[in-house]
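Fold and geometry: a report
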Amino acid sequence: KALIEEAGIKKHISFHCARHTFATIALNRDMPIEVIQRILGHSSVIITQLYSKIVDKTVFKHMNKMRRD
């Protein structure tokens, strides 16, 4: 709540929305999903995978690793 106020956001943001946003940003910054799982307190990584959406940027990055040079 303090960060929302500090950022000047006037809209109500739920706790769930904040957790989802954190997970998405953490994934985009290459934080391992197992670490995110621990931070969020999920008992299974499957829950974390359902909780957060992996964005196209992440998919394309990993698919590019499959390219032959």
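From a predicted model like this one, the values you see are computed outputs, not experimental measurements.

The rules behind the values
- Every chain's residues receive numbers from 1 upward, in the order its sequence appears when written.
- Note on the predicted model: pLDDT of at least 70 is required for a residue's local features to be given, and 80 or more for side-chain atom pairs to be given and counted; whole-chain, interface and lining totals, by contrast, use all residues.
- Only hydrogens and water are set aside when side-chain values are computed; all heavy atoms of the structure are taken into account.
- Patch definition: residues with relative accessible area over 30% and no salt bridge; like charges joined within 9 Å; nonpolar side chains (Val, Leu, Ile, Met, Phe, Trp, Tyr) joined within 5 Å.
- We get accessible surface area from the Shrake-Rupley algorithm with a probe of 1.4 Å; when it comes to residues, only the shown protein chains can shield them.
- A pair is scored as a salt bridge if a Lys or Arg side-chain nitrogen falls within 4 Å of a carboxyl oxygen belonging to Asp or Glu.
- Elements are defined by DSSP. Helices are runs of H or I of four residues or more, strands are runs of E of two residues or more, and each kind is numbered from the N terminus.
- The classification of residues rests on relative accessible area computed with a 1.4 Å probe and restricted to protein chains. Under 20% of the type maximum is buried, over 50% is exposed, and intermediate values are partly exposed.
- Nine residue types can take part in a nonpolar core, namely buried Ala, Val, Leu, Ile, Met, Phe, Trp, Tyr and Cys, and a core is a set of them joined through side-chain atoms within 4.5 Å.
- In what follows, residue pairs with any heavy atoms lying within 4.5 Å of each other are defined as contacts.
- Think of it as the arc spanned by the lines of direction from the helix axis to the C-beta atoms.

Some thoughts on a nonpolar patch on the surface
- A cluster of nonpolar side chains, Phe22, Val35 and Ile39, forms an exposed patch at the surface whose accessible area comes to about 240 Å².
- With respect to the element layout, valine 35 can be found in helix α3 (residues 33-40).
- For valine 35, a relative accessible area of 37% translates into the label partly exposed.

Overview of the nonpolar core
- Ranked by size, the top nonpolar core spans 6 residues in total: Ala23, Ala26, Leu27, Ile33, Ile36 and Leu40.
- For this core, the secondary-structure elements that each account for two or more residues are α2 (15-28) and α3.
- In this structure alanine 26 touches Met31 and Ile36, once residues within four positions along its chain are discounted.

Some remarks on α3
- Every buried residue of α3 is accounted for by Ile33, Ile36, Gln37 and Leu40. Projected down its long axis, α3 shows its buried positions confined to an angular sector of 105°, all on one face.
- At the exit of α3 stands glycine 41, carrying a positive phi of roughly 80°.

Focus on the pattern of salt bridges
- Going through the model one piece at a time under the given rule, you end up with 1 salt bridge.
- With its nearest N and O atoms 2.4 Å apart, the salt bridge here joins lysine 61 to aspartate 30. Of this pair, lysine 61 sits in helix α5 (residues 56-64) while aspartate 30 sits in the loop between α2 and α3; the two residues are 31 residues apart in sequence, bridging distant segments of the chain.
- For aspartate 30, a relative accessible area of 47% puts it in the partly exposed group.

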